[in-house]
Amino acid sequence: MLAALILIPAIAAIVTLVAKIMNPVAPSPEGLTGIAIGALIVNVICAILLQLRNEGSSLATGAWLAARNDALANILIIAAGLLTFVWETAWFDIIVGAIIAAINLSAAKEVWEASRKEHDFVEDAFADQSAKLLNISHFNSHFEG
């Protein structure tokens, strides 16, 4: 489920990327850079807090990956904004959008794999516990009869 949530920014980036390619208008470098700087501060704080509280679960991994990916995206957006100050083109924004989509697709795959491992571990643990209970029940039935 969390992997699907991480896919949402990837899909949004791809849709925006296609729209930008179809209509390549340079974004406002001031707005792009200013908002990304504020978002970077928030996302770095979140990533640090999540790393400090990492429980090793796929949920914690997913939350940390989302914050980390957002911080990386913010850095890329700041770079695109600064470059757009110098050269007024939409291509910096388009390239950054493609990178952000790839980062989020990779994170979704990583969370999916982690959740599958947890799921398999839980299933194995239940199977082991069931086998033990059946053995105890079988053992007890020999002495009750």
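Owing to the predicted nature of the structure, the values given are computational and were not obtained by experimental measurement.

Participant: Before we move on, could you go through helix 2 (residues 29-52) and cite the residues and values that matter?
Facilitator: Between its first and last C-alpha, helix 2 extends 34 Å over 24 residues, near the 34 Å set by a 1.5 Å rise per residue. Here helix 2 has its buried residues at Pro29, Leu32, Thr33, Ala36, Leu40, Asn43 and Ala47.

Participant: Could you give me a rundown of the nonpolar core, with the residues and numbers involved?
Facilitator: Within the largest apolar cluster, seven residues are counted, these being Ala13, Leu32, Ala73, Ala80, Val96, Ile100 and Ala101. Top contributing element to this core by residue count: helix 4 (residues 91-144), with three residues. Mapped onto the domain boundaries, this core takes at least three residues apiece from domain 1 (1-86) and domain 2 (90-144). Beyond its immediate stretch of four places on either side in the chain, Ala101 contacts Ala10, Ala13 and Ile14. Leu65, Ala107, Ala108 and Val111 belong to the second-largest nonpolar core, a separate cluster that totals five residues.

Participant: Residues and numbers for the layout of surface pockets, please.
Facilitator: One number sums up the size of the largest pocket: a volume of about 190 Å³. In this structure, the largest pocket is lined by Pro9, Ala12, Ala13, Thr16, Leu17, Lys20, Ile77, Asp93, Ile94, Val96, Gly97 and Ile100. Secondary-structure elements contributing two or more residues to the lining of the largest pocket are helix 1 (2-22) and helix 4. Tallied by class, the residues present in the lining of the largest pocket amount to eight nonpolar, two polar and two charged. Counting contributing residues, the lining of the largest pocket receives three or more from each of domain 1 (1-86) and domain 2 (90-144).

What counts and what doesn't
- Counting of residues starts from 1 at the beginning of each chain's written sequence and follows it residue by residue.
- Local features in this predicted model are restricted to residues whose pLDDT is 70 or higher, and side-chain atom pairs enter the listing and the counts only when it is 80 or higher, whereas totals over whole chains, interfaces and linings include all residues.
- For the side-chain quantities, the full set of heavy atoms in the structure was used; hydrogens and water were omitted.
- What counts as a helix is a DSSP run of H or I of at least four residues, what counts as a strand is a run of E of at least two, and both are numbered from the N terminus.
- Multiplying 1.5 Å by the residue count of a helix minus one yields the expected span of that helix.
- Buried residues are those whose accessible area, probed at 1.4 Å on protein chains only, stays under 20% of the maximum for their type, while exposed residues exceed 50% and partly exposed ones sit between those limits.
- Nonpolar cores are built from buried Ala, Val, Leu, Ile, Met, Phe, Trp, Tyr and Cys residues. Side-chain atoms within 4.5 Å join them into one set.
- The domain limits used here are those given by an automatic or database domain assignment.
- Whether two residues are in contact is decided by their heavy atoms, any of which lying within 4.5 Å being enough.
- Cavity: a set of points on a 1 Å grid over the protein atoms alone where a 1.4 Å probe fits but cannot get out. Pocket: an open set with protein on both sides within 12 Å along at least five of seven lines, its lining residues, like those of a cavity, having an atom within 4 Å of a point.
- Grid points are joined across faces, edges and corners, and a volume is the space filled by probe spheres set on the points.
- Polar here means any residue other than Ala, Val, Leu, Ile, Met, Phe, Trp, Tyr, Cys and Pro, which are nonpolar, and Asp, Glu, Lys and Arg, which are charged; Gly is therefore polar.

So yeah, pure geometry; function would need other evidence.
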